[in-house]
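Below are the chains, spelled out letter by letter.
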Protein chains: 2
Amino acid sequence: MQFSPLIEALIQALRCLPSVGPKSAQRMALQLLERDRAGATHLASILQQSMAEVGHCASCRTLTEEMLCRICSSGRRNPKVLCVVETPADMLALEQSGVYDGRYFVLLGHLSPLAGIGPDDLGFDQLLEKLRTEPVEEVILATNPTLEGETTAQYLVELLSSLPLKVTHLARGIPLGGELEYLDGGTLSRAFSGRLGFASVKETNG
Amino acid sequence: MQFSPLIEALIQALRCLPSVGPKSAQRMALQLLERDRAGATHLASILQQSMAEVGHCASCRTLTEEMLCRICSSGRRNPKVLCVVETPADMLALEQSGVYDGRYFVLLGHLSPLAGIGPDDLGFDQLLEKLRTEPVEEVILATNPTLEGETTAQYLVELLSSLPLKVTHLARGIPLGGELEYLDGGTLSRAFSGRLGFASVKETNG
C-alpha cells in the first residue's frame, strides 16, 4: 500500500530538495498536511515567485531578483578590488567573515570538461569586459581549493596575465581550530612549504 | 550582508519543513535556484494542490484527497478487525509489514491534556459510531508505546469495555535485531514479565 496519488506525488516532488530521501520526503509531506498547511501554502507561493523572478545581477552574476545586487549597487564598496568566487554561497561566506570590502564576480560553477562546463558558461567574457571598464587593480581568485577550483583559477591566471593587474589567491594552510593529526597530507605540505617567520605572523594578526 | 529580499523570503519559507534549519534552508534555496527551477516550480504547484485538496477519509480519518481511502474502499479487507493507530505514517508502517489485512481507524494524534488535545479531537465518537454500524469483532489498539500513546489506549479500553468486542494491543518485548545491552529497563522488564515457553515461540513463528 501507498498513500493516495496526490500525497504520493507530493512526496515525490519534495525529493527535488537536496539530501531529501524517500523517508524524509514522506515525513515532510505528512507533517505539512497534518500540522502546517498555512506554512506549506506560503512556501508554494514564494517558490513559484522566486523561480519566476530571481535572475542574475547584471554586473557580478550573483542570484538576485533586482537588476543589480546590493553589493554592486552600493557606493561604499572598494571598486579597486574584485574577488572571483564559484557560487553565491561562497560570496555570502566571505561577506559574513567581514574581512572584505571590495566587489565580487560569481562564476556560478567551475571548469569541468566532463560535465560540459567551459569558459563560456562561467562568464569569462563578461569578467574581462568588467575589468576593462572598471578601475580594478587587484583580482582575488577565491575559487575552492578542489581540483576543479584550482584548474579554474589557473585558467583565469593565464587569461588575466596580459592585463595590468595584480592577481592573488587566498592563503593555503592549517585552518584555525584544526588538529594536525586529522589534516590531510596535501594541506600539511602546503602549510610546510608556505611557513612564515613569527614576525610575519604578528604582522598578519595585528 | 544577506541575499536579496525574495531569496531571503524563500530561505525563511523553506524552514516550515521539519528538521530544516537556517543552513539547510539556504542550501536548498540556492540549489533550486541554480540547478532545478523546473523541479521547484513543479513542487510549488503540487504543494498548492495538496494543501487545498487533501482531506480525511470519511470512514477511517487517514489523509487522502478521495472521499474514502483505498483501504476503506477495498472489498478485500477483513471487516471484522479494526486497528486503531495514531497517524497515517503508523498505518503505512503496518501496511508495509504485510501482516495485517483488516481495516484501520486513524486518531490523528494522541490524548494530551497539556497540548489541549482531548477525546473530541481524536474522533472517538466517530470510532464508536463505526463500531456500532460495522461488523467489527476485534479492535487492535496500536498506539505508540509512549506515555501519551499508552494513556490513549487505556482511555479507549474503558470506552470500549461496554461493547461486545475483543480489544487487544500489540505484543511488547525485545525488538528483532535489538541487543540486550542497549535496551532500556522498561522494555527489558516487559519482556521478562511476558516471557514465553519455547512452544509458543514456535507457534508464533510458524
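Everything quoted here is computed from the prediction, not taken from an experiment. (Residues numbered from 1 in each chain as written. Chains lettered and ligands numbered in written order. Predicted model: local features only at pLDDT ≥ 70, side-chain atom pairs only at ≥ 80, totals over all residues. Heavy atoms only, no water.)

A.B. asks: Is there a simple way to explain helix H3 (residues 37–53) of chain A in this structure?
C.D. replies: Within an α-helix, residues lying three or four positions from one another point in the same direction, as the helix has 3.6 residues per turn. Taking 1.5 Å per residue as the helical rise, H3(A) with its 17 residues ought to reach 24 Å, and the 24 Å between its terminal C-alpha atoms agrees with that figure. Listed as buried for H3(A) are A:Gly39, A:Ala40, A:Leu43, A:Ala44, A:Ile46, A:Leu47, A:Ser50 and A:Met51. Elements that come into contact with the buried residues of H3(A) comprise helix H2 (22–35) of chain A together with helix H1 (5–14), helix H2 (22–35) and helix H3 (37–53) of chain B. (Helix = DSSP H or I, 4+ residues; strand = E, 2+ residues; numbered from the N terminus. Expected span 1.5 Å × (residues − 1). Buried < 20%, exposed > 50% of the residue type's maximum accessible area, 1.4 Å probe, protein only. Contact = heavy atoms within 4.5 Å.)

A.B. asks: Can you help me understand the packing of aromatic side chains in this one?
C.D. replies: Each aromatic ring pair is described using two quantities: the centre-to-centre distance and the angle formed by the ring planes. All names here are of chain A. Tallied over the entire structure, the rule returns four aromatic pairs over all chains. With a centroid separation of 5.5 Å and 35° between ring planes, the pair formed by Phe-124 and Tyr-155 is classed as tilted. With Phe-124 in helix H6 (residues 124–133) and Tyr-155 in helix H7 (residues 147–160), this pair connects stretches of sequence that are 31 residues apart. According to the relative accessible area criterion, Tyr-155 is partly exposed, its value standing at 36%. (Phe/Tyr/Trp six-rings, centres within 6.5 Å; stacked < 30°, edge-to-face > 60°.)

A.B. asks: Hey, could you run me through the relation of the copies chain B and chain A in this one?
C.D. replies: The relation between the two chain copies is a rotation about an axis coupled with a shift along that axis. With an RMSD of 0.0 Å, chain B superimposes on chain A once it is rotated by 180° and translated 0.0 Å along the axis. Such a turn and shift between the copies fits a two-fold axis. Across chain B, the rotation axis passes nearest the C-alpha of B:Ala44, at a separation of 2.1 Å. Comparing contact sets, 100% of the residues at the interface of chain B also lie at the interface in chain A, consistent with an isologous, same-surface contact. (Least-squares fit on C-alpha atoms with pLDDT ≥ 70 in both.)

A.B. asks: Help me out: how do you make sense of the confidence of the model for chain A in this one?
C.D. replies: Segments scoring low in pLDDT should not have their predicted coordinates read at a detailed level. Taken residue by residue, chain A gives an average pLDDT of 91. The fraction at 70 or more is 96%. Among the prediction metrics, the complex's ipTM stands at 0.83, with pTM recorded as 0.82. (pLDDT = per-residue confidence, 0-100.)

A.B. asks: Could you clarify how one ought to interpret the pattern of salt bridges in this entry?
C.D. replies: Two side chains of opposite charge can pair, provided their charged atoms sit close to one another. Residue and element names in this part refer to chain B. As enumerated under the stated definition, the model contains eight salt bridges over all chains in all. Here Glu-95 ties to Arg-77 by a salt bridge, and the two come within 2.7 Å at their closest N and O atoms. Of this pair, Glu-95 sits in helix H5 (residues 88–97) while Arg-77 sits in the loop between helix H4 (70–73) and strand S3 (81–85); the two residues are 18 residues apart in sequence, bridging distant segments of the chain. No difference in accessibility class separates Glu-95 from Arg-77, as the two residues are buried. (Salt bridge = Lys/Arg side-chain N within 4 Å of Asp/Glu carboxyl O.)

A.B. asks: Where do I start with the sheet that holds strand S3 (residues 81–85) of chain A in this structure?
C.D. replies: The pairing of strands in a sheet comes from backbone hydrogen bonds and takes either a parallel or an antiparallel form. Residue and element names in this part refer to chain A. With respect to topology, four strands assemble into an open sheet ordered S4-S3-S5-S6, the strand pairing being parallel. Of all strands in the sheet, those bounded by a partner on one side alone are strand S4 (103–106) and strand S6 (166–169). Adjacent strand axes in the sheet meet at a mean angle of 25°, parallel and antiparallel pairs treated alike. Where S3 meets strand S5 (residues 138–141), four bridges bridge the pair, whose relative direction is parallel. Along S5, the bridge assignment pairs Leu-82 with Val-139. Those strands touched by helix H5 (residues 88–97) are S3 and S4, and its axis lies near 160° from that of S4. (Pairing = 2+ DSSP bridges. Axes fitted to C-alpha atoms, helices over the stretch in contact; angles between N-to-C directions.)

A.B. asks: How do you make sense of unusual backbone geometry when you look at a structure like this?
C.D. replies: Residues apart from glycine generally show negative phi values, whereas peptide bonds are mostly found in trans. All names here are of chain B. The backbone of Arg-61 sits at a positive phi, close to 75°, despite the residue not being glycine. Tracing the chain through its elements places Arg-61 in the loop between strand S1 (55–56) and strand S2 (63–64). Since its relative accessible area comes to 13%, Arg-61 is described here as buried. Phi is positive for Leu-108, close to 60°, though the residue is something other than glycine. If you trace the backbone, Leu-108 turns up in the loop between strand S4 (103–106) and helix H6 (124–133).

A.B. asks: Would you explain the environment of B:Ala142 in this entry?
C.D. replies: Residue and element names in this part refer to chain B. Residue position: Ala-142 is located in the loop between strand S5 (138–141) and helix H7 (147–160). For Ala-142, a relative accessible area of 8% translates into the label buried. Each residue touching Ala-142, except ones within four places of it in the same chain, is listed here: Cys-83, Val-84, Val-85, Leu-94 and Leu-170.

A.B. asks: Hey, could you run me through the interface of chain B and chain A in this one?
C.D. replies: Each partner contributes residues to the interface: chain B has 53 residues there, and chain A has 53 residues. Here chain B and chain A share an interface that buries about 5,200 Å² over both sides, 74% of which is from carbon and sulfur atoms. Counting the contacts that link chain B with chain A gives zero salt bridges. In this assembly, chain B and chain A are joined by 10 residue pairs in polar contact (both at pLDDT 80 or more). For the side of chain B that touches chain A, the secondary structure elements donating two or more residues are H1, H2, H3, S2, H4 and H5 of chain B. Looking at the side of chain B that touches chain A element by element, the count peaks at 15 residues for H3(B). Taken together, the residues of the side of chain B that touches chain A break down into 30 nonpolar, 14 polar and nine charged. (Buried area = accessible area lost by both parts, 1.4 Å probe. Polar contact = N/O pair within 3.5 Å; in protein donor to acceptor, adjacent residues only side chain to side chain. Nonpolar A, V, L, I, M, F, W, Y, C, P; charged D, E, K, R; others polar.)

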